[in-house]
2 protein chains.
Amino acid sequence: RPVNEVLFFPCETVCMEHILSPSLQLSCFCPLTHGKKTSMYHLLQHILSASSSLDVCIFAFTNTDLSRAVLALRGRGVAIRVLVEEKNVSICGSQIPVLLGAGICVRFNRTPISMHHKFAVVDGRKLITGSLNWTCTGVHDSNENVIVTEVTELVRPYVRQFARLWLCNDPE
Amino acid sequence: RPVNEVLFFPCETVCMEHILSPSLQLSCFCPLTHGKKTSMYHLLQHILSASSSLDVCIFAFTNTDLSRAVLALRGRGVAIRVLVEEKNVSICGSQIPVLLGAGICVRFNRTPISMHHKFAVVDGRKLITGSLNWTCTGVHDSNENVIVTEVTELVRPYVRQFARLWLCNDPE
Ligand SMILES: [Zn+2]
Ligand SMILES: [Zn+2]
């Protein structure tokens with residue numbers, strides 16, 4: 001039975017250490033709430049479910065929890081491609097330099113048509129898409145929606161769209 | 001079999017008269033391309049398919065083709081509710097004054113949490129959602145995605161979310 005979920009934001013700030021550093025288990029002693037399954041918890045779990053590939057096509061990427069999830073996948077050998085709108089590469093808190101520093105393959109939308117997508121495809125078969133940019137404002141201070149689906153009719157067009165935009169923005 | 005479609009933008013500018021003024025049929029003599037089934041054509045057809053209700057929850061609304069579609073539904077007696085981010089009510093080209101002038105029920109997000117959604121629900125059972133704001137830039141100058149789905153698992157949470165935000169922003 002394919003995944004078909006909707007997540008809404010904003011989402012309260014809770015401790016993500018037990019998700020992002022699983023070795024800590026639930027023994028983190030920071031002052032934040034622990035173990036609460038917020039929308040952000042579910043979003044991170046879907047991203048972390050990647051076993052072979054993660055393609056991210058995002059207008060803005062400043063959220064460090066999401067960035068840590070991507071880095072964790074990189075550490076596990078998951079093939080990662082990130083396409084980002086060029087004018088947002090250097091915004092305050094941008095995670096793009098962090099991803100590049102970890103050797104992740106990042107391309108910038110340099111076409112005259114701005115790139116407003118906010119989607120990711122996990123293992124070529126799970127789509128994460130909606131109004132949510134991967135920013136702190138999006139996650140914690142804004143009404144946002146995200147669909148997570150494995151329905152092939154919906155996933156396949158995004159896989160093709162990613163391939164097209166990735167090719168369009170080949171720096172070579 | 002439920003609708004499950006993905007539309008991508010940007011979309012070239014073509015004549016929308018035959019969709020928005022069906023009495024003209026295909027006999028419009030303007031210089032634009034006619035009869036081409038672009039993403040915008042499909043989006044407008046899905047909106048115009050409303051027979052009883054249209055609920056719109058949108059960050060920014062400046063696109064006149066989309067506004068004309070909403071006004072056409074109003075003319076047919078479809079119950080329309082529009083929730084818009086307050087800070088975008090008076091932006092250049094805003095269609096909100098036009099909708100209000102036609103007697104359409106509009107509420108403004110006045111909560112401290114900004115409203116970044118871009119979705120609509122047709123007849124309580126067809127969801128239109130994605131990265132696309134209802135603006136000219138979004139439709140014609142930006143890479144955007146829209147999902148149109150009748151899958152109940154996906155539609156129902158948006159129906160509830162609309163009801164919640166509508167109530168939160170009751171001006172009474
Ligand atoms: Zn903690
Ligand atoms: Zn024409």
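See the structure above.
All values reported here derive from a predicted model rather than from experimental measurement. (Residues numbered from 1 in each chain as written. Chains lettered and ligands numbered in written order. Predicted model: local features only at pLDDT ≥ 70, side-chain atom pairs only at ≥ 80, totals over all residues. Heavy atoms only, no water.)

Q: Please set out the side chain of B:N143 residue by residue, giving values where relevant.
A: Within the element layout of this structure, B:N143 appears in strand β8 (residues 142-149). For B:N143, a relative accessible area of 4% gives the class buried. Apart from residues no more than four positions distant in its own chain, B:N143 is found in contact with A:I113, A:S114, A:M115, A:H116, A:H117, A:Q161, A:R164, A:L165, B:F9 and B:P10. (Helix = DSSP H or I, 4+ residues; strand = E, 2+ residues; numbered from the N terminus. Buried < 20%, exposed > 50% of the residue type's maximum accessible area, 1.4 Å probe, protein only. Contact = heavy atoms within 4.5 Å.)

Q: Mind laying out the coordination of the zinc ion (ligand 2), listing which residues take part and the relevant values?
A: All names here are of chain B. In the first shell of the zinc ion (ligand 2), the protein supplies C15 (SG), C28 (SG), C30 (SG) and H34 (NE2), at 2.1 to 2.3 Å from the metal. Coordination geometry of the zinc ion (ligand 2): the four donor atoms subtend angles of 101 to 116° at the metal centre, consistent with an arrangement described as tetrahedral. Ordering the donors of the zinc ion (ligand 2) by residue number gives the pattern C-x12-C-x1-C-x3-H. Residue C15 is located in the loop between β1 (4-9) and α1 (17-20), and its partner C30 is located in the loop between α1 and α2 (39-48); the two are separated by 15 residues in the primary sequence. A relative accessible area of 27% places C30 in the partly exposed class. (Donors = N, O, S within 2.8 Å, 3.2 Å for Na, K, Ca; no water. Tetrahedral: all angles 85-135°; square planar, octahedral: opposite > 155°, others 65-115°.)

Q: Break down the pattern of salt bridges for me, with residues and values.
A: On inspection of all chains with the given rule, the structure shows 14 salt bridges over all chains. Across the pair A:R110 and A:E86 runs a salt bridge, and its minimum N-O distance is 2.8 Å. One end of the pair, A:R110, is in the loop between β4 (105-109) and β5 (114-115); the other, A:E86, is in the loop between β3 (79-85) and α4 (96-101), with 24 residues separating them in the sequence. According to the relative accessible area criterion, A:R110 is exposed, its value standing at 51%. Taking the shortest distance from any N to any O, the salt bridge between B:R107 and B:D170 comes out at 3.8 Å. (Salt bridge = Lys/Arg side-chain N within 4 Å of Asp/Glu carboxyl O.)

Q: How would you explain α2(B) if you had to name every residue and give the values?
A: Counting buried positions along α2(B) gives eight out of 10 residues, so the element sits mostly inside the fold. Within the span of α2(B), buried status applies to B:S39, B:M40, B:Y41, B:L43, B:L44, B:H46, B:I47 and B:L48.

Q: Describe in detail unusual backbone geometry, supporting the description with residues and values.
A: Residues and elements named next belong to chain A. Omega for the peptide link from F9 to P10 comes to 15°, which places this bond in the cis form. Here P10 lies in the loop between β1 (4-9) and α1 (17-20). A positive phi angle is found at D123, which is not glycine, with a value near 55°. On the basis of relative accessibility, which here comes to 13%, the residue D123 falls in the buried class.

Q: Break down the pairing of β1(A) for me, with residues and values.
A: Residues and elements named next belong to chain A. With respect to burial, β1 is a largely interior element, five of its six residues being buried. Note: β1 against strand β8 (residues 142-149), six bridges, orientation antiparallel. When the sheet's bridge partners are listed, N4 is paired in β8 with T149. (Pairing = 2+ DSSP bridges.)

Q: Before we move on, can you summarise the environment of B:T111 with the specific residues and values?
A: All names here are of chain B. Relative to the assigned elements, T111 resides in the loop between β4 (105-109) and β5 (114-115). Linking T111 and E86, residues 25 residues apart in sequence, is a C-alpha distance of 9.1 Å. In terms of polar contacts, T111 uses its side chain to reach the backbone carbonyl oxygen of I113, at 3.0 Å. (Polar contact = N/O pair within 3.5 Å; in protein donor to acceptor, adjacent residues only side chain to side chain.)

Q: A description of the relation of the copies chain B and chain A should follow, citing residues and the corresponding values.
A: Relative to chain A, chain B is turned by 180° and slid 0.0 Å along the rotation axis, the superposed coordinates differing by an RMSD of 0.0 Å. Expressed as a symmetry operation, the mapping of one chain copy onto the other fits a two-fold axis. When the interface residues of chain B are mapped onto chain A, 100% of them again fall at the interface, so both copies present the same face. (Least-squares fit on C-alpha atoms with pLDDT ≥ 70 in both.)

Q: So what's going on with the coordination of the zinc ion (ligand 1)? Which residues, and what values?
A: Residues and elements named next belong to chain A. The protein atoms that coordinate the zinc ion (ligand 1) are C15 (SG), C28 (SG), C30 (SG) and H34 (NE2), at distances spanning 2.0 to 2.3 Å. For the zinc ion (ligand 1), the four donor atoms are set out with angles of 101 to 117° between them, so the coordination reads as tetrahedral. Linear spacing of the donor residues for the zinc ion (ligand 1) on their chain is C-x12-C-x1-C-x3-H.

Q: Describe the packing of α2(B) against helix α3 (residues 64-75) of chain B, naming the residues involved and giving the relevant values.
A: Residue and element names in this part refer to chain B. α3 packs onto α2 with a crossing angle of 20° between their chain directions and a minimal axis gap of 9 Å. Classified by the interaxial angle, the pair formed by α2 and α3 is roughly parallel. Between α2 and α3 lies a crossing of right-handed hand. Contact residues: M40, L43, L44, I47 and L48 in α2; D65, L66, A69, A72 and L73 in α3. Tallied by class, residues from the contact of α2 with α3 come to nine nonpolar, no polar and one charged. (Axes fitted to C-alpha atoms, helices over the stretch in contact; angles between N-to-C directions. Parallel < 35°, antiparallel > 145°, perpendicular 65-115°, else oblique. Left-handed = near helix turned anticlockwise from the far one by under 90°. Nonpolar A, V, L, I, M, F, W, Y, C, P; charged D, E, K, R; others polar.)

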